[in-house]
Amino acid sequence: MRHIHYYIVLLACFLTTSCMDGDWDIPGTDGTEFGNEAVTETNVVTINQLKKQYAGVISSGGYVQFTEPTQIKGVVTGNDIQGNIYNQIGLEDGTGSIIICISQGGLYGQLQVGREILVELEGLYIGSYGQQPEIGTPYTNKSGRTYVSRMPRALWQQHYKMLDMKGISPVVFDVSKVKDADYMKENCGRLMTIKGVKFQGANGKRVYANENEKDAANCVNRSLQGISSNQLVVRTSTYADFANKPLPTDTVDITGVFTRYNNTWQILIREEADVIEYEQ
């Protein structure tokens, strides 16, 4: 009897697996296993329009909830592929850029750089952290300060729709405008490349992010020669895959998502390959 029972169970498992073949054969090829296919374009605005409309909220460090159907459509410019951009993605649409905060790891697996997505904003919040425009939900820290931060991943899954791969190319950062407030307001959160620079203090041993130098957010800021650290830094998490790699000693081009913390540019490198030998 035990042998008969075994074969019945085996047959049942085989039949169940066979019925599921359509779901398992080619996972992820149509982009529909993530997000919400019900999200539609009913009131699409540009990121630039969004930032202008809520400029006062952003500059004051406040936040406000979207209460009407409103969408933005843009291309992912940065994710957590090597652990340096944590729980957030960069998004651009040709008119502007913004950060979307999501409490989820492994975002690079579904939100690849170059992937276009449609985001439904109704029910989400816009605000800023250090005047960097962000979309997410309110978070109150230990000091009692509330600002826009990471939304739950289940909520995020209901608020975006996967579209086609579009690709994205960085623009060159204008070093002559490193102190220009309008330039920062317009470009913060954008994928850019700063060309022909050297890391301050690079000696072949100093690394991107040493545990002994980390701040409260487990990050280390590195300055570039000739540019004040009050104006611009390369910011690296101690959890980044390349955190313990030595800083390049040669002249390099650095690509990353250029965020801001108040009046300081913070370059968030997406992966080690974002730092390459200087190309004139």
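Residues numbered from 1 in each chain as written. Predicted model: local features only at pLDDT ≥ 70, side-chain atom pairs only at ≥ 80, totals over all residues. Heavy atoms only, no water.

Caption draft 1: Summary view of the nonpolar core. Ranked by size, the top nonpolar core spans 27 residues in total, and within it Phe 173, Ile 194, Phe 199, Leu 224, Leu 232, Ile 254 and Trp 265 carry the most contacts. Only α6 (181-187), β12 (190-197), β14 (232-237), β15 (252-261) and β16 (264-268) provide two or more residues apiece to this core. Excluding residues within four positions of it along the chain, Leu 232 makes contact with Phe 173, Val 178, Ile 194, Leu 224, Ile 227, Phe 258, Thr 264, Trp 265 and Ile 267. Judged by nonpolar contacts, the second largest core, of 25 residues, contains Leu 50, Leu 111, Ile 117 and Val 119. (Core = buried A, V, L, I, M, F, W, Y, C linked by side-chain atoms within 4.5 Å. Buried < 20%, exposed > 50% of the residue type's maximum accessible area, 1.4 Å probe, protein only. Helix = DSSP H or I, 4+ residues; strand = E, 2+ residues; numbered from the N terminus. Contact = heavy atoms within 4.5 Å.)

Caption draft 2: Representation of the confidence of the model for the chain within the structure. On average, residues of the chain score 90 in pLDDT, and 89% of them are at 70 or above. Segment residues 1-32 is flagged for pLDDT under 50; beyond a separation of four residues in sequence, or across chains, it makes 3 contacts in the model. (pLDDT = per-residue confidence, 0-100.)

Caption draft 3: Structural detail: unusual backbone geometry. A positive phi angle, close to 55°, is found at Asn 87, a residue other than glycine. Here Asn 87 is to be found in the loop between β2 (71-78) and β3 (88-92). Phi is positive for Gln 131, close to 70°, though the residue is something other than glycine. Relative to the helices and strands, Gln 131 resides in the loop between β6 (125-129) and β7 (132-140).

Caption draft 4: The packing of aromatic side chains, seen in detail. Throughout the structure, instances matching the rule amount to 13 aromatic pairs. Aromatic side chains Tyr 129 and Tyr 147 sit 4.8 Å apart centroid to centroid with 50° between the ring planes, which places their arrangement in the tilted category. With Tyr 129 in strand β6 and Tyr 147 in strand β8 (residues 146-149), this pair connects stretches of sequence that are 18 residues apart. Tyr 147 gets classed as buried once you look at its relative accessible area, which sits at 10%. One aromatic cluster is present, formed by Tyr 129, Tyr 139, Tyr 147 and Tyr 261 through successive ring pairs. (Phe/Tyr/Trp six-rings, centres within 6.5 Å; stacked < 30°, edge-to-face > 60°.)

Caption draft 5: Layout of the pairing of β3. Where burial is concerned, most of β3 is hidden: 5 out of the 5 residues are buried. Burial along β3 is two-sided: the residues Gln 88, Gly 90 and Glu 92 and Ile 89 and Leu 91 are all buried. Pairing of β2 with β3, which is carried by 3 bridges, proceeds in the antiparallel orientation. Residue pairing in the sheet places Gly 78 in a bridge with Gly 90 of β3. Sheet topology note: the β3/strand β4 (residues 97-103) ladder contains 5 bridges and is antiparallel. By the bridge assignment, Ile 89 is partnered in β4 with Ile 100. (Pairing = 2+ DSSP bridges.)

Caption draft 6: Structural context of the environment of Gln 225. Turning to its location among the elements, Gln 225 is positioned in the loop between β13 (219-222) and β14. Through-space distance from the C-alpha of Gln 225 to that of Phe 199 is 5.9 Å; in sequence the pair is 26 residues apart. Aside from chain neighbours lying at most four places away, what touches Gln 225 is Lys 198, Phe 199 and Gln 200.

Caption draft 7: Summary view of the pattern of salt bridges. One pass over the full model with this rule turns up 9 salt bridges. For Lys 195, the salt bridge is made with Asp 253, and the minimal N-O distance between the two is 3.0 Å. Of the two residues, Lys 195 is situated in strand β12 and Asp 253 in strand β15; the sequence distance between them amounts to 58 residues. According to the relative accessible area criterion, Asp 253 is buried, its value standing at 2%. Of the charged contacts in the structure, one is a salt bridge between Glu 213 and Arg 222, with a shortest N-O distance of 2.8 Å. We classify Glu 213 as partly exposed; its relative accessible area is 39%. On the accessibility criterion, Arg 222 (2% relative accessible area) is buried. (Salt bridge = Lys/Arg side-chain N within 4 Å of Asp/Glu carboxyl O.)

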